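# Coordinate analysis (summary)
Now for the letters of each chain:
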Amino acid sequence: MMQRFEATRALTRALDNANARARAAFDAIPLIRWILPLALGVVGALSPQWFDTRPTYALMVLITYLLLRTSTNVFGLAVLAAMLVYLPMEMDRFERGILFDIALYTMLGIGLNIVVGYAGLLDLGYVAFFASGAYIFALVVAPEAGGGWDIGASFWLMIPAAMALAAALGVALGLPVLRLRGDYLAIVTLGFGEIIRLMLNNRDDITNGPRGVYLIPKAHFFDKELTGPYELYFLVLAGVFIAAFAAERIRDSRVGRAWEAIREDEDAASAMGVNTTFYKLLAFAIGAAIGGGGGVIYAAKQTAIFPRDFDLDVSINVLALVIIGGMGNVRGVVLGAMLLIGLPEVLRDFSIEFAFIDLANIGADYRLVIFGAALVAIMVLRPEGLLPSRRRAAEFEQAEMLESELAT
Amino acid sequence: MPPLLSVRNVTRRFEGLTALNDVSMEVEPRTIAGVIGPNGAGKTTLFNVLTGFYRPTSGEVWFEGRRIDRLPLHGIAAAGISRTFQNIRLFANMTAIENVLVGQHIHLKTNFATAIVRPPSVTREERSAVKTAVELLRFAGLTRRENELARNLAYGEQRRLEIARALAVRPRLLLLDEPTAGMNPGEAAGMIKLIRALRDDMLMTIVLIEHSMRVVMGVCERITVLDHGEKISEGRPEEVQQDRRVIEAYLGTGQIITDGRA
Ligand SMILES: Nc1ncnc2c1ncn2[C@@H]1O[C@H](COP(=O)(O)OP(=O)(O)OP(=O)(O)O)[C@@H](O)[C@H]1O
Ligand SMILES: [Mg+2]
């Protein structure tokens, strides 16, 4: 008994050491961080089919990574924007679909990051808000569901309306779970997500049950019909930028500091006059609103939604991409979504054909194994995520400046 | 002058254990009051009752003519009381200046909407908040440590940062739970200087809990002695020092009360 325990401990220690060494090596050669994406980019550039899914994807990851790593100035943002607009023009329908998913999950990640990364509330039921946004929209506009309001004007009104309702749902979830911390909160929110899905499934009188809501009318942008993933990709891209902008600004404000204080020490935060109840509910509400907005766009793109679109996987994926990318940081979320949502798709046509080695189907057959291994590797090398949040540069500079002012 | 703080017959029980038993005390404005007593006497429990962490089982707490023992936890700061903790409770992964900025929370107005839009008023508010924070850190002797993470500060610096953070609330009553605990004599002397400056320069009213007799006798104008949850003595330092009950209470603990070294 004791011996086994010892053996386990020794193993753990050995693993810890190996882990520490690997990380030290990783950090000691800063170029690794550049060589890796650069290599990917070169492979992409030399590829005969330039706009093949895989090289394009590699290129995108590379450019995004480099832009996000270095501080974002106007130039960086312009390059990023140009890339995000240009690349999908060259893509086929399937690739555009992936791009849409990446952007959508980025938006969801930004929302969940407010709850988990900023306020420190572990929420495993985030899909509930995504689902409610989608269903609120679908039920109101789909004629089959007895809604069938005129979509022409209502789509743009439905987005804020669905966001507001999702936010209300966020508060409704928040109220009973406010006193729970850590694991307990995770379990209850997980249950909440499942309850919403089961309700969508079982209340056929309202939701049409497992048959789903279909024939959701197309949205219009002025006279243009927003038909497929391509047009809606730009919509969700706008959503990502707005959400990212809002999230970063809130984080760098009194509100963001209050969240961080709650995450660090809830009682001490209260003693400083922070109304912890209010700020936790606020985090739930803002996170839920962003999720709800994503849901509307999703429903508009799918034109048919089903309860099974909103199972636990969505919550887990969004949480995983937040963690992989680097908790508490919008940039990390972008990268996390690219890897977590993009990688399994592009791995489909990954193959190794070299001399007598012929593994043409390795990607198609083993993509999830490769994907899983990649995630494990990332978490071993970078437990804090790929782009963990940086200390606040603005406050830093401001303080330095004032300090020298006072000194004179 | 009416008392700033008045504790009226406060009792606090924890399942069978009476941590505070019918304790009353008053604190006059602009004084430094001390609360002393052996380990487990109920000193920290008293602070927790004053700051809303515990509700009194019976009795009342009044501050500036207002009953405060039913206020929500976050309402205490708004009422004008702030505190430090015996086992330092800083926001460890935030910088020194961010800790102090959180302390200013109730005096700032930015909400999530104005944070997003960021009109000039928000920029101005933030700028002046940072300025105040830098000044407070200076006052607490933490010049040039603004951007250090709280957990990377030396122990004595952390205690000072807790005080700077508490001051940011702009309290009219400051509660310090063992501010010199764990400090070497040099650090402790600096802390005593800081506490005196708080009263003399910032016109603060202070209640402090101390184990170190030298600190208590040196800075406090009035002292309340607790033992097993009861108030056993009260008065000026010289009076308390002579009190037979106090000497008895401390005898059992091996602490020597008169030689100036705890
Ligand atoms: N939340 C609680 N639940 C149960 N018992 C408690 C609680 N808080 C304090 N006590 C008990 O109340 C008594 C007084 O504790 P308190 O912390 O107030 O003592 P103290 O005078 O601050 O001691 P020290 O000098 O060691 O800090 C102790 O016996 C303690 O165990
Ligand atoms: Mg104590």
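Residues numbered from 1 in each chain as written. Chains lettered and ligands numbered in written order. Predicted model: local features only at pLDDT ≥ 70, side-chain atom pairs only at ≥ 80, totals over all residues. Heavy atoms only, no water.

### Looking at the pairing of strand S9 (residues 222-227) of chain B
Residue and element names in this part refer to chain B. Counting buried positions along S9 yields five of six residues, so the element is predominantly enclosed. Pairing of strand S3 (residues 32-36) with S9 involves four bridges; the strand directions are parallel. In the sheet register, Ile36 faces S9, and the bridge partner there is Val225. Strand direction decides the pairing type here: S9 and strand S10 (residues 230-235), joined by five bridges, are antiparallel. Bridge pairing in S10 places Val225 opposite Ser233. Counted between consecutive antiparallel strands, the loop separating S9 from S10 contains two residues, among which His228 sits at a positive phi close to 50°. (Buried < 20%, exposed > 50% of the residue type's maximum accessible area, 1.4 Å probe, protein only. Helix = DSSP H or I, 4+ residues; strand = E, 2+ residues; numbered from the N terminus. Pairing = 2+ DSSP bridges.)

### So, the domain arrangement of chain B
Residue and element names in this part refer to chain B. For chain B, the domain assignment lists domain 1 (1-80 + 171-262) and domain 2 (89-169). Computed over C-alpha atoms, the centres of domain 1 and domain 2 are 27 Å apart. Listed per partner, the contact involves 20 residues of domain 1 and twelve residues of domain 2. Between domain 1 and domain 2, a total of about 1300 Å² is buried, with carbon and sulfur atoms accounting for 77% of that surface. A per-residue breakdown of the area domain 1 buries against domain 2 is headed by Pro171, Leu194 and Met202, which together make up 32% of the total. For the interface between domain 1 and domain 2, the tally reads zero salt bridges. The tally of links from domain 1 across to domain 2 stands at two residue pairs in polar contact (both at pLDDT 80 or more). For the side of domain 1 that touches domain 2, the elements supplying multiple residues, two or more each, are helix H2 (75-79), strand S7 (173-177) and helix H7 (185-202). Of all the elements, H7 adds the most residues to the side of domain 1 that touches domain 2, at eight residues. (Domains from an automatic or database assignment. Contact = heavy atoms within 4.5 Å. Buried area = accessible area lost by both parts, 1.4 Å probe. Salt bridge = Lys/Arg side-chain N within 4 Å of Asp/Glu carboxyl O. Polar contact = N/O pair within 3.5 Å; in protein donor to acceptor, adjacent residues only side chain to side chain.)

### Concerning the site of ligand 1
Residue and element names in this part refer to chain B. Inspection of the region around ligand 1 gives 14 residues, with Lys43, Thr44, Thr45, Gln86 and His211 positioned closest. Gly40 places a polar main-chain atom, nitrogen or oxygen, 2.9 Å from an oxygen atom of ligand 1. Interatomic distance of 2.6 Å between a side-chain N/O atom of Thr45 and an oxygen atom of ligand 1. Starting from 640 Å² of accessible surface for ligand 1 in isolation, the protein chains cover 64%. Taken together, the elements giving at least two residues each to the shell around ligand 1 come down to strand S2 (17-27) and helix H1 (43-50). Ranked by residues supplied to the shell around ligand 1, first place goes to H1 with three residues. Within the shell around ligand 1, the residues separate by chemical class into five nonpolar, seven polar and two charged. (Near = heavy atom within 4 Å. Areas by Shrake-Rupley, 256 points an atom, 1.4 Å probe, with all protein chains shown as cover. Nonpolar A, V, L, I, M, F, W, Y, C, P; charged D, E, K, R; others polar.)

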